[in-house]
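Geometric and topological summary
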Amino acid sequence: MIGLVFLVLAACLLAVVLPEARKRLRQRHLRTIPGPPVPSFWTGVSTQLHNPYAVEYREHVLTEYGRVVKLPAFLGDIHLAISDSLALTTLYGKYRDAFDLPGWHSETSNTVFGPGLTAARGNQHSKQRKHLSPVFSVRYLRDMVIMFNQVAQELAETLANQVSREGTEVELSEYLSRFSLEAVGRTALGYSFGPLDLHGTDYSRALKEFGPTLVKLHLWRPVLPWLKRMFPLNVLRFLASVFPWYPVRHMKAISDNVYETSRQVLRRKGELLKQGDAVMRQEIGEGKDLMSILLRQNVMGLEGERLTEDDMLGQMSLLLLAATDTTSASITRVVQLLAEHPEVQDEVRRELLDATTHAGRTLFDLDYDAFAKLPHLEAVVRETLRMYPVFYMSNRVSDEDAVLPLSEPITGTDGRSITELFVPAGTTIWINMLGSNRDPTIWGPDAGEWKPARWLAPLPPSVADARVPSVFANMSTFAAGPRSCIGYNYALTEMRIAVAHLVLAFKFTPSDKEIVWKLGGIVSPSVRGSTSMKPEFPVVLSRI
């Protein structure tokens, strides 16, 4: 019996080891691609890339080694970071059905939050995307401007109660996180988390703690698909609840909390929908929030094409996680940059005053198009997203071999010219958003500088000529292809409105505390020397 157990274990080990060994043999030609020094054969550069203090290292590696960067991983595995536009166009086009998120990425999303858009694959992903795309259209966003305005005004009023005309240092990151969560709650779910000055429910705290907890578990996420093949889900959930390492137990608690609250909100909305539009209009979102729209569309859909309750719950979690911390981090970055560049801050404020006070109007009189057509505000938003994408890179894996041509040859470490990449099946490709957004051959020699003025004049021809795969402004920030950010217009609208309200209400001045940016699922601010994993952004605000 013992011999049989050892035989089964040996077979399982071989089933894992042999494919990995074969993949590494097929990757031998990739070892001549330029990349950073490798501190360890065992871990490659993985520990340098995936830790809370990796931001500076990532910025260096992703911008200094060219459009194709070799990133050695565990036990000799080779990952590639690619910003070459032709290679990415081929990946998104010819190989659009082959390259997808790694299985462990989808399994993590599925296990923690259910079958949402980031967890679904293949036909299921296409089906969900087809249902969700119309919901994020500008047609519906126009109706949400009033709700974004209301929450942004509440943010300004909450901060004004703490700020003097002379200036008061405020921990702004927490308030921006509350703002973004409340804005998403009302516009996406038709649900309120409460007043911004008293924000804080188990649900909201669970959402805010997801990113930092995920970073602690990142290096172990590839084990999850194997565990799910070996054990039933209910067994895994029980083991997670008693596991001796706290991050595992905490992630399980986050999953339970978000799932149960989302289920209650969804079922209540379903009951209200049955009572008719008159009842829905009395709710927080007035029936114009994304989930109400999605529920109505789902009811009208064909029987075999409707989303299940679990699908809907997965979308709710995705909306909250993908649209909350990401957008609040981008707004935080805008405030920091405006504080450091007071002349730009003054230009944006003058523009907003001309559009409102000097014209006898308020921000509530501006519609979706009016916010998007404020040139100085739009330049600040675009330049911030170009220079500081929330995600510096995003991974893809293909289950088949691929050949990616390069727009320009690169020179290998052996001196040979490389004109195309043969990518063996199973090789991880990192889409290098930061490298593309800061490429000087595309954006000019000042590509590494924050210059909103570049958007106030025609961009250099090299931007259009590069043909960067993009859904917004020739930049890679929101990715492209079937996994592009489905809610990028939603995020842009929230950013424009929040920044407009803050700039009209306050003058921003840098704090004496030095701000550094850490990796916590996304790139988020912190005070140098702080050990907290929560975002921290002290800034001096003065009432205007």
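Coordinates for the structure precede this section.
Residues numbered from 1 in each chain as written. Predicted model: local features only at pLDDT ≥ 70, side-chain atom pairs only at ≥ 80, totals over all residues. Heavy atoms only, no water.

Turning next to the overall build of the chain. Broken down by element type, the chain carries 22 helices and 12 strands. Taking 544 residues into account, the globule formula puts the C-alpha radius of gyration at 24 Å, and the chain, at 24 Å, falls close to it. Its C-alpha atoms give the chain principal-axis dimensions of about 80 × 55 × 45 Å. Counted over contacts in the chain with a minimum sequence separation of 6, partners at least 24 positions apart contribute 74%. Accessible surface, the chain as shown: approximately 24300 Å² in total, 57% of it carbon and sulfur. When the 59 positive and 58 negative side-chain charges of the chain are each reduced to one mean point, those points stand 5 Å apart. (Helix = DSSP H or I, 4+ residues; strand = E, 2+ residues; numbered from the N terminus. Rg over C-alpha atoms; globule rule 2.2 N^0.38 Å. Contact = heavy atoms within 4.5 Å. Areas by Shrake-Rupley, 256 points an atom, 1.4 Å probe, with all protein chains shown as cover. Lys, Arg positive; Asp, Glu negative; His and termini not counted. Charge placed at Lys NZ, Arg CZ, Asp CG, Glu CD.)

To continue, consider the sheet that holds strand β4 (residues 168-171). Whether parallel or antiparallel, the strands of a sheet pair through hydrogen bonds between backbone atoms. Taken together, 3 strands build an open sheet; the order of strands is β4-β12-β9 and the sheet is antiparallel. Looking along the sheet, the strands with just one partner apiece sit at the ends: β4 and β9 (506-510). With strand direction ignored, the average angle separating the axes of adjacent strands in the sheet is 40 degrees. Bridging between β9 and strand β12 (residues 538-543) involves 5 bridges; their strand directions are antiparallel. Following the sheet pairing, P510 is matched in β12 by V539. Here helix α8 (residues 172-189) sits on the sheet and contacts β4 and β12; the angle it forms with β4, its principal contact strand, is near 50 degrees. (Pairing = 2+ DSSP bridges. Axes fitted to C-alpha atoms, helices over the stretch in contact; angles between N-to-C directions.)

Turning our attention to the packing of helix α7 (residues 138-160) against α8. As a packed pair, α7 and α8 sit with axes 10 Å apart at the nearest point and diverge in direction by 155 degrees. By the criterion of interaxial angle, the relationship of α7 to α8 is roughly antiparallel. The handedness of the crossing between α7 and α8 is right-handed. In contact with M144, M147, F148, Q150, V151, A152, E154, L155, T158 and L159 of α7, α8 contributes L172, Y175, L176, F179, E182, A183, R186 and T187. (Parallel < 35°, antiparallel > 145°, perpendicular 65-115°, else oblique. Left-handed = near helix turned anticlockwise from the far one by under 90°.)

Together, W220, V223, W226, M230, F231, V235, F238, L239, V242, F243 and W245 make up a nonpolar patch on the protein surface, roughly 1000 Å² of accessible area in all. Mapped by element, the contributors of at least two residues to the nonpolar patch are α10 (224-230) and α11 (233-242). Looking at the nonpolar patch element by element, the count peaks at 4 residues for α11. If you trace the backbone, F231 turns up in the loop between α10 and α11. (Patch = residues over 30% accessible without salt bridge, like charges linked within 9 Å, V, L, I, M, F, W, Y side chains within 5 Å. Salt bridge = Lys/Arg side-chain N within 4 Å of Asp/Glu carboxyl O.)

With that settled, the discussion passes to empty space enclosed by the protein. What the rule picks out here adds up to 5 cavities of 30 Å³ or more. There is about 60 Å³ of room inside the largest cavity. Among the elements that take part in the lining of the largest cavity, helix α15 (residues 309-340) stands out by supplying 3 residues, more than any other. The class makeup of the residues in the lining of the largest cavity is 7 nonpolar, 2 polar and 1 charged. In this model, the second largest cavity occupies a volume close to 50 Å³. Lining the second largest cavity are L91, Y92, Y95, R96, F99, R396, A480, P482 and R483. A class-by-class count of the residues in the lining of the second largest cavity yields 6 nonpolar, no polar and 3 charged. (1 Å grid on protein atoms, 1.4 Å probe; cavity = no way out; pocket = protein on both sides within 12 Å on 5 of 7 lines; lining within 4 Å. Points joined across faces, edges and corners; volume = space filled by probe spheres on them. Nonpolar A, V, L, I, M, F, W, Y, C, P; charged D, E, K, R; others polar.)

What follows deals with the sheet that holds strand β8 (residues 428-432). Within the open sheet, the 5 strands sit side by side as β1-β2-β8-β5-β3. Their pairing is mixed. In this open sheet, the two edge strands, each paired with only one partner strand, are β1 (68-72) and β3 (99-100). Judged from the 5 bridges that link them, β1 and strand β2 (residues 78-82) form a sheet pairing that is antiparallel. The residue of β2 that forms the bridge with V68 is I82. Helix α4 (residues 85-92) contacts β2, β3 and β8 of the sheet and is inclined by roughly 120 degrees relative to β8.

Attention now goes to the pattern of salt bridges. In the structure shown here, the tally under the stated rule is 25 salt bridges. The shortest N-O distance in the salt bridge between R454 and D446 comes to 3.2 Å. A single burial state applies to R454 and to D446, both of which are buried. A cluster of three or more residues bridged by salt bridges with shared partners is formed by E383, R386, D446, E449, K451 and R454. (Buried < 20%, exposed > 50% of the residue type's maximum accessible area, 1.4 Å probe, protein only.)

Here we come to the pairing of β2. Among the 5 residues of β2, 5 are classified as buried, and the element is accordingly described as predominantly covered. Here β2 shows a buried face lined by I78, L80 and I82 and a second buried face lined by H79 and A81. Taken together, β1 and the strand that follows it, β2, pair antiparallel across an intervening segment of 5 residues, in which L75 is found at a positive phi of about 50 degrees. Note: β2 against β8, 3 bridges, orientation parallel. What sits directly across from I82, in β8, is I431.

So, about the layout of surface pockets. Roughly 1600 Å³ of volume is contained in the second largest pocket. Taken together, 42 residues line the second largest pocket, and the ones lying closest to its centre are E20, K23, W104, P222 and V223. Elements with a contribution of two residues or more to the lining of the second largest pocket: α1 (2-26), α5 (103-113), α10, β5 (393-398) and β8. Per element, the largest residue contribution to the lining of the second largest pocket is 9 residues, and it comes from α1. Of the residues belonging to the lining of the second largest pocket, the class tally is 23 nonpolar, 9 polar and 10 charged.

What follows deals with the packing of aromatic side chains. Two aromatic rings are characterised by how far apart their centres lie and by the angle between their planes. Throughout the structure, instances matching the rule amount to 9 aromatic pairs. Between F136 and Y490, the aromatic rings sit 6.2 Å apart at their centres with planes inclined by 85 degrees, giving edge-to-face as the arrangement. Taken as a pair, F136 in the loop between α6 (122-132) and α7 and Y490 in helix α22 (residues 488-505) lie far apart in primary sequence, 354 residues in all. Summarising the burial analysis for this pair, F136 and Y490 share the class buried. When the ring of F472 is compared with that of F478, the centres are 6.0 Å apart and the planes differ by 70 degrees; the resulting orientation is edge-to-face. One exposure class covers both F472 and F478, and it is buried. Members of the aromatic cluster, connected to one another through ring pairs, are F136, F148 and Y490. In this arrangement the basic side chain of R178 is found over the ring face of Y175, its NZ or CZ atom lying 5.0 Å from the centre. Across from the ring centre of W443, 5.4 Å away, lies the NZ or CZ of R386, which sits over that ring. (Phe/Tyr/Trp six-rings, centres within 6.5 Å; stacked < 30°, edge-to-face > 60°. Lys NZ or Arg CZ within 6 Å of the ring centre and 35° of its normal.)

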